[in-house]
Number of protein chains: 2
Amino acid sequence: MPSIKRIDHLAVVVSDLQEALSFWEDALGLSVSRVEAVPAEQSVVAFLPIGSGEIELVKPTTDDSGTAKFLAKHGPGMHHICFEVEGLDDLLARLKEHGIQLINETPVEKENGVRYAFIHPKSTHGVLVELYERTE
Amino acid sequence: MPSIKRIDHLAVVVSDLQEALSFWEDALGLSVSRVEAVPAEQSVVAFLPIGSGEIELVKPTTDDSGTAKFLAKHGPGMHHICFEVEGLDDLLARLKEHGIQLINETPVEKENGVRYAFIHPKSTHGVLVELYERTE
């Protein structure tokens, strides 16, 4: 049986990382654990841990990525919610059985043993949902 | 020193609770812990725990609440993120010192010892943020 373990992160699209951090870090008091360039997603991401999860501030670095288009259309704001799961393949199979539209029909494999897939917001009533699993 | 302890919940505005649950419960496999009418917020809320946090599905029950207007303007989707904090008064004072606009200048007190305040999305770069504290 697949299971949803926890809220891993909330991804927030920002137009300016330093301006966003003036709220999240300077005013609210969270701390950035790391800032990473993510070329595969054409973005730079700042990670701010909170309890067992984190906020991810995503700054697009090109104009034609998904987050760049989101930013152009909606302005900065919440982009997606990510859950850590166990049994990702079984969960994706169950979602398909229920007619849920997946953005990634099979999980995307990252170098560090992380596998993830996005569910299309058409099937979730407006919420872009990421599911990820650690295999190492 | 105030501190942000954890992601308490992600609130998702829905137009139809049963339709939304067909995704979150039937397909994804989360379980509803309770469904509550919240007259003060003119809504019905379904709570779905995940790890130390939860998803809250908020169905407006009138046409003129904040969530009803959100739904009319944006359609269903992510509405706000809530963090559990310690030292809410000190944190609100610090936010004001940083020029952050609060929706609730002083915390709203609920019967069960919970106090909360919302930060205006104008000051967070597009994210409606709720801060809440348990005092009992």
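Residues numbered from 1 in each chain as written. Chains lettered and ligands numbered in written order. Predicted model: local features only at pLDDT ≥ 70, side-chain atom pairs only at ≥ 80, totals over all residues. Heavy atoms only, no water.

Side note on the packing of aromatic side chains
Given two aromatic rings, one states the distance between the centres and the angle between the planes to describe the pair.
Here is step 1 of the chain: Summed over all chains, the structure comprises six aromatic pairs over all chains.
Here is step 2 of the chain: Judged by centre distance (5.0 Å) and plane angle (75°), the ring pair of F23 of chain A and W24 of chain A falls under edge-to-face. You'll find F23 of chain A and W24 of chain A in the same group, each marked buried.
Here is step 3 of the chain: Residues F83 of chain A and W24 of chain B carry aromatic rings whose centres are separated by 6.2 Å and whose planes lie at 75° to one another, so their mutual orientation is edge-to-face. Within this pair, whereas F83 of chain A is found in strand β5 (residues 77-86), its partner W24 of chain B is found in helix α1 (residues 17-27), the two belonging to separate chains.
Here is step 4 of the chain: Overall, the relative accessible area of 0% leaves F83 of chain A in the buried class.
Here is step 5 of the chain: Among the aromatic side chains, those forming a connected cluster through ring pairs are F23 and W24 of chain A together with F83 of chain B.
Here is step 6 of the chain: One residue, R34 of chain A, lies across the ring of F47 of chain A, its end atom 3.7 Å from the ring centre. (Phe/Tyr/Trp six-rings, centres within 6.5 Å; stacked < 30°, edge-to-face > 60°. Buried < 20%, exposed > 50% of the residue type's maximum accessible area, 1.4 Å probe, protein only. Helix = DSSP H or I, 4+ residues; strand = E, 2+ residues; numbered from the N terminus. Lys NZ or Arg CZ within 6 Å of the ring centre and 35° of its normal.)

Quick word on the relation of the copies chain B and chain A
Here is step 1 of the chain: The two copies are related by a screw operation: chain B maps onto chain A through 180° of rotation and 0.0 Å of translation along the axis, at an RMSD of 0.0 Å. Taken together, the rotation and translation relating the two chain copies correspond to the operation of a two-fold axis. When each C-alpha of chain B is compared by its distance to the rotation axis, M78 of chain B comes out closest, at 3.7 Å.
Here is step 2 of the chain: Mapped onto chain A, 100% of the interface residues of chain B are again interface residues, and the two copies thus contact each other with one and the same surface. (Least-squares fit on C-alpha atoms with pLDDT ≥ 70 in both. Contact = heavy atoms within 4.5 Å.)

Comments concerning the pattern of salt bridges
Pairs may arise between side chains of opposite charge once their charged atoms sit close together.
Residues and elements named next belong to chain A.
Here is step 1 of the chain: Here the structure, examined in full by the defined rule, presents 18 salt bridges over all chains.
Here is step 2 of the chain: A salt bridge links E109 to R115, with the nearest nitrogen and oxygen atoms 3.0 Å apart.
Here is step 3 of the chain: Owing to a relative accessible area of 11%, R115 belongs among the buried residues under this scheme.
Here is step 4 of the chain: What you see here is one network of salt bridges that share partners, running through K5, R6, D8, E84 and E86. (Salt bridge = Lys/Arg side-chain N within 4 Å of Asp/Glu carboxyl O.)

Structural notes on the environment of Y116 of chain B
All names here are of chain B.
Here is step 1 of the chain: If you trace the backbone, Y116 turns up in strand β7 (residues 114-119).
Here is step 2 of the chain: When the C-alpha positions of Y116 and K69 are compared, they lie 21 Å apart, and in sequence the two are 47 residues distant.
Here is step 3 of the chain: Once you skip the residues sitting within four places of it in the chain, Y116 turns out to touch E41, L88, P107, V108, K110, E130, L131 and Y132.

Focus on the interface of chain B and chain A
Here is step 1 of the chain: Taken together, the contact between chain B and chain A spans 41 residues of the former and 41 residues of the latter.
Here is step 2 of the chain: Approximately 3200 Å² of surface area, both sides summed, lies buried where chain B meets chain A, with 77% of it carried by carbon and sulfur atoms.
Here is step 3 of the chain: Remark: the boundary between chain B and chain A carries zero salt bridges.
Here is step 4 of the chain: Where chain B meets chain A, there are ten residue pairs in polar contact (both at pLDDT 80 or more).
Here is step 5 of the chain: Counting only elements with at least two residues in the side of chain B that touches chain A, the list comes to β1 (3-13), α1, β4 (53-60), β5 (77-86), α3 (88-97) and β8 (129-134) of chain B.
Here is step 6 of the chain: Looking at side-chain class alone, the side of chain B that touches chain A contains 23 nonpolar, twelve polar and six charged residues. (Buried area = accessible area lost by both parts, 1.4 Å probe. Polar contact = N/O pair within 3.5 Å; in protein donor to acceptor, adjacent residues only side chain to side chain. Nonpolar A, V, L, I, M, F, W, Y, C, P; charged D, E, K, R; others polar.)

All we've got here are geometric facts, nothing functional implied.
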